[in-house]
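Below are the chains, spelled out letter by letter.
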Amino acid sequence: MSIAVPAYKRILLKLSGESLMGDDSFGINRATIVRMVEEIAEVTRMGVEVAVVIGGGNIFRGVAGGSVGMDRATADYMGMLATVMNALALADAMDKQGLTARVMSAIAIEQVVEPYVRPKALQYLEEGKVVVFAAGTGNPFFTTDTAAALRGAEIGAEVVLKATKVDGVYTADPKKDPTATRYTKLTFDEAMTRNLGILDATAFALCRDQKLPIRVFSIIKHGALKRVVMGEDEGTLVYA
């Protein structure tokens, strides 16, 4: 009997901060983060090297009202700090699941997490550790989508997996249009022509230039991450 081999050796998983909220209005839902970590643990046990970029919307949303009228760069730095909090929570949940996680921050907070150093990140991945990239790119005016594309390219990931609440990219909003159908595959050019907004423009352009495929899938759907890693028809693949 042949053993199924994962389709990818190294992946970059992009998690939004909002995905950690579960059904809560903000913050981190413990049951949700534990379930996500179980899915990540399952693929690491298959020998897949996993790096994660985490957003900060679940925390920053709670203070966003106070950022109205604030300097954009200042607000963006606040958002970066929110991603560090999420990364620490994610790494803690991973440690409790028996995974070894390392948080690497694009901004220096060395008493809390180690700084992002590419060779060190590659070493951790090769050792089977999960690397959680925090603080986005370390620069204001860039999203965590762009951080995911950038880190994915830097570490030689074979795919960027964008985890959402919807199981792929649809012809229309499936909640509003019952006739909407899921795209199984799209080229970068097709996605641009149809203005599907899969990642922000900077992140999308970077993935296209680097010929780094993107797969959009639902992190809520049980077992979806494993199916994606095994190369099954899950979500939507955007490729060069």
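Structure report, in brief. (Residues numbered from 1 in each chain as written. Predicted model: local features only at pLDDT ≥ 70, side-chain atom pairs only at ≥ 80, totals over all residues. Heavy atoms only, no water.)

Focus on the pairing of strand β11 (residues 236–239)
The criterion, for reference: If DSSP finds at least two bridges between two strands, the strands pair. By the criteria applied, helices consist of DSSP H or I runs no shorter than four residues and strands consist of E runs no shorter than two, each listed in order from the N terminus.
Strand direction decides the pairing type here: strand β9 (residues 185–187) and β11, joined by three bridges, are parallel. Bridge pairing in β11 places T187 opposite Y239. Relative to β11, strand β10 (residues 214–218) runs antiparallel, the two sharing three bridges. What sits directly across from R215, in β11, is L237.

Digging into the layout of surface pockets
The line we're drawing: Cavities and pockets were defined on a 1 Å grid built over protein atoms only: a cavity is a set of grid points that admits a 1.4 Å probe from which the probe cannot escape, a pocket is an open set flanked by protein on both sides within 12 Å along at least five of seven lines, and lining residues are those with an atom within 4 Å of any such point. Grid points are joined across faces, edges and corners, and a volume is the space filled by probe spheres set on the points.
What the largest pocket holds in volume is close to 410 Å³. Lining the largest pocket are 24 residues, and of these G56, G79, F142, T143 and T144 sit closest to its centre. Elements supplying a minimum of two residues to the lining of the largest pocket: α2 (57–60) and α3 (72–96). The dominant element in the lining of the largest pocket, judged by the number of residues it contributes, is α3, at six residues.

Regarding the environment of R102
Using the following cut-off: Accessible area is worked out with a 1.4 Å probe on protein chains only. A residue is then buried under 20% of its type maximum, exposed over 50%, and partly exposed in between. Whether two residues touch is decided by their heavy atoms; if any such pair falls within 4.5 Å, the residues are in contact.
Residue placement: R102 occurs in strand β3 (residues 101–105). Look at R102 and you get partly exposed, because its relative accessible area is 29%. Taking the C-alpha atoms as reference, R102 lies 33 Å from T184; in sequence the two are 82 residues apart. Discounting residues that sit within four places of it in the chain, R102 has contacts with E114, Y124, K129, V130, V131 and V132.

Considering the sheet that holds strand β5 (residues 130–134)
Within the open sheet, the nine strands sit side by side as β4-β3-β5-β2-β1-β6-β10-β11-β9. Their pairing is mixed. Every interior strand has two partners, whereas the edge strands, β4 (114–115) and β9, have only one.

Details of the side chain of N58
Residue position: N58 is located in helix α2. The contact partners of N58, leaving out residues within four places of it in the chain, are G17, E18, L20, M21, F26, G27, I28 and N86.

A word on the packing of aromatic side chains
So the rule is basically this: In this analysis, rings of Phe, Tyr and Trp, with Trp reduced to its six-membered ring, are considered paired at centre separations within 6.5 Å, and the interplanar angle assigns stacked below 30 degrees, edge-to-face beyond 60, and tilted for intermediate values. Charge over a ring is defined by NZ of Lys or CZ of Arg lying within 6 Å of the ring centre and within 35 degrees of the ring normal.
Applying the stated rule across the entire model yields two aromatic pairs. Their ring planes at 85 degrees and their centres at 5.4 Å tell us that Y116 and F133 sit as a pair that is edge-to-face. With Y116 in the loop between β4 and α4 (118–126) and F133 in strand β5, this residue pair connects regions lying 17 residues apart in the sequence. Each member of the pair, Y116 as well as F133, is classed as buried. Arranged with centres 5.2 Å apart and planes meeting at 70 degrees, the rings of F188 and F204 form a pair that is edge-to-face. Here F188 is found in helix α6 (residues 188–193), whereas its partner F204 is found in helix α7 (residues 201–209), with 16 residues between them in sequence. Owing to a relative accessible area of 2%, F188 belongs among the buried residues under this scheme. The exposure class of F204 is buried, given its relative accessible area of 8%. Taking NZ or CZ as reference, R102 lies 5.6 Å from the ring centre of Y124, over its face. Stacked on the ring of F133, the Lys or Arg R151 has its end atom at 5.8 Å from the ring centre.

Some words on the packing of helix α5 (residues 144–154) against α7
Using the following cut-off: To obtain each axis, a line is fitted to C-alpha atoms, and for helices this fit is confined to the stretch in contact; angles are then taken between N-to-C directions over 0 to 180 degrees. Orientation categories follow fixed angle ranges, with anything under 35 degrees roughly parallel, anything over 145 roughly antiparallel, 65 to 115 roughly perpendicular, and all other angles oblique. Handedness of a crossing is defined here by the sense of rotation of the near helix relative to the far one, left-handed for an anticlockwise turn of less than a right angle and right-handed for a clockwise turn. Ten residues, namely Ala, Val, Leu, Ile, Met, Phe, Trp, Tyr, Cys and Pro, are considered nonpolar, four, namely Asp, Glu, Lys and Arg, are considered charged, and the remaining ones, Gly among them, are considered polar.
Running from N to C, α5 and α7 cross one another at 15 degrees; their axes reach a closest spacing of 7 Å. When the axes of α5 and α7 are compared, the pair comes out roughly parallel. Like other packed secondary-structure pairs, α5 and α7 cross with a definite hand, here left-handed. Between α5 and α7, the residues in contact are D145, T146, A149 and L150 and T202, A203, L206 and C207, respectively. When grouped by side-chain class, the residues that make up the contact of α5 with α7 number five nonpolar, two polar and one charged.

Focus: unusual backbone geometry
Positive phi values are uncommon outside glycine, yet F141 reaches one of about 75 degrees. Counting through the fold element by element, F141 comes out in the loop between β5 and α5. With a phi close to 55 degrees, K211 is a non-glycine residue in the positive phi region. Here K211 is to be found in the loop between α7 and β10.

That's the geometry; what it means functionally is another story.
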